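# Fold and geometry: a report
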Amino acid sequence: MDTLAAIQKRRSIRKYLEKPISLDVIGAIVESGMMAPNAGNHQAWRFIVVRDLEKRKSLAKASLEQYWMSKAPVHIVIVSEEAQMEKLYGVRGEKLYGIQTCAAAIENILLSATDFGLGSCWIGAFDEVSVSRICGIPPTARAQAIITLGYADEKPDRKVMQPLKRLLFLESYGGRISEISDFMWDWSDIIQKEVNATKSGVKSVLKKVLDSHKKNFEDKLKKINKKVDSKIQRPL
Ligand SMILES: Cc1cc2nc3c(=O)[nH]c(=O)nc-3n(C[C@H](O)[C@H](O)[C@H](O)COP(=O)(O)O)c2cc1C
């Protein structure tokens with residue numbers, strides 16, 4: 001699976017099959033976490049793999065009673081070596097770098113799990129003192145997240161996404177993009193404007209917009225095809 005496909009496919013899974021995950025797969029997934037960018041390459045993260053059912057139940061309880069978690073055959077607790085980060089980088093290290101370092105590893109793990117055909121969920125809502133006690137985490141380190149891992153027993157509904165134009169700025173905060181379709185495959189803005197201006201139905205507007213942007217559309221397609229072509233390995 002290529003990276004973009006994994007990014008698009010990944011969803012939070014909260015229902016799991018009772019099917020174990022082989023150790024080599026768990027190892028490969030954790031290793032992909034360790035390949036993430038991290039502050040100063042100090043790799044101030046630790047990964048605790050929890051398979052024991054009683055421990056998983058305790059972690060689920062400590063996670064503000066998210067009991068569904070215990071059904072996931074594997075939990076990975078991501079820990080930042082907070083004291084080490086503070087020593088190296090001061091307040092920024094403690095308050096920011098440790099968190100970002102672990103977050104980068106977490107995302108790698110989630111994407112790698114997707115690539116292995118596994119479901120996962122990032123858990124941030126938990127009582128830290130309880131999680132530290134359950135996993136024996138020393139006071140110099142801090143549990144940042146728990147990842148549940150297992151074969152999915154659900155297919156989540158399509159996710160509601162905010163419109164790109166609300167989230168994406170050009171050059172500086174608040175910098176508006178007049179034609180978002182120039183950047184992304186988001187035609188909603190153009191269609192909405194046309195519907196408002198002409199008071200016609202979405203279907204006819206869609207046809208009109210697609211016709212008038214045919215050239216732009218075809219150029220984009222050509223570029224994509226070229227990219228795909230260059231990725232296809234041809235026999236020597
Ligand atoms: C920092 C953070 C904390 C989260 N904590 C929880 C959690 O405690 N329980 C849970 O079920 N999901 C948790 N999530 C998952 C989000 O709810 C989920 O990513 C979001 O709804 C988007 O859905 P998606 O992951 O399917 O794309 C957390 C995600 C992040 C990034």
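Residues numbered from 1 in each chain as written. Predicted model: local features only at pLDDT ≥ 70, side-chain atom pairs only at ≥ 80, totals over all residues. Heavy atoms only, no water.

## Concerning the side chain of histidine 75
Note the following rule: We count a stretch as a helix when DSSP gives it H or I for four or more residues in a row; a strand needs E for two or more, and each element gets its number in order from the N terminus. What qualifies as a polar contact is a pair of N or O atoms within 3.5 Å, subject to a donor-acceptor requirement within protein and to the restriction that residues adjacent in sequence count only when both atoms come from side chains. Contact definition: two residues touch when any of their heavy atoms are within 4.5 Å.
Mapping histidine 75 onto the fold places it in strand 2 (residues 74-80). At 2.8 Å, the side chain of histidine 75 and the backbone oxygen of methionine 69 are in polar contact. The contacts of histidine 75, once residues within four sequence positions are left out, are Ile48, Val49, Val50, Arg56, Leu59, Met69, Ser70, Ile146, Ile147 and Thr148.

## Here we look at the site of the ligand
Cut-off, in case you're wondering: Being near a molecule or strand, for a residue, means having at least one of its heavy atoms within 4 Å of it. Values of accessible area rely on a 1.4 Å probe in the Shrake-Rupley scheme; residue burial ignores everything except the protein chains shown. Classes in brief: Ala, Val, Leu, Ile, Met, Phe, Trp, Tyr, Cys and Pro nonpolar; Asp, Glu, Lys and Arg charged; the others, Gly included, polar.
The full set of residues close to the ligand is Arg10, Arg11, Ser12, Arg14, Gln66, Trp68, Cys121, Trp122, Ile123, Gly124, Ala125 and Lys159. Taking glycine 124, its main chain carries an N or O atom lying 2.9 Å from a nitrogen atom of the ligand. Here the ligand has 620 Å² of accessible area as a free molecule, and 61% of this is covered by the chains. A class-by-class count of the residues in the shell around the ligand yields five nonpolar, three polar and four charged.

## Some thoughts on unusual backbone geometry
Quick reminder of the rule: Categorising residues by exposure relies on relative accessible area from a 1.4 Å probe, with only protein chains included: less than 20% of the type maximum marks a residue as buried, more than 50% marks it as exposed, and the intermediate range marks it as partly exposed.
With a phi angle near 55 degrees, asparagine 41 is a residue other than glycine that sits in the positive phi range. One can find asparagine 41 in the loop between helix 2 (23-34) and strand 1 (45-50). The backbone phi angle of glutamine 43 is positive, close to 50 degrees, even though this residue is not glycine. Mapped onto the fold, glutamine 43 is located in the loop between helix 2 and strand 1. We classify glutamine 43 as partly exposed; its relative accessible area is 35%.

## Some thoughts on the pattern of salt bridges
Our working rule: A carboxyl oxygen of Asp or Glu within 4 Å of a side-chain nitrogen of Lys or Arg is what we treat as a salt bridge.
Under the defined criterion, the tally for this structure stands at five salt bridges. Across the salt bridge formed by arginine 46 and glutamate 81, the nearest N and O atoms sit 3.5 Å from each other. Residue arginine 46 is found in strand 1, and its partner glutamate 81 is found in the loop between strand 2 and helix 4 (82-115); the two are separated by 35 residues along the sequence. Judged by relative accessible area, arginine 46 falls into the partly exposed class, the value being 39%. A salt bridge links glutamate 128 to arginine 142; the nearest nitrogen and oxygen atoms lie 2.9 Å apart. Note that glutamate 128 is positioned in helix 5 (residues 128-135) and arginine 142 in strand 4 (residues 142-150), a separation of 14 residues in sequence.

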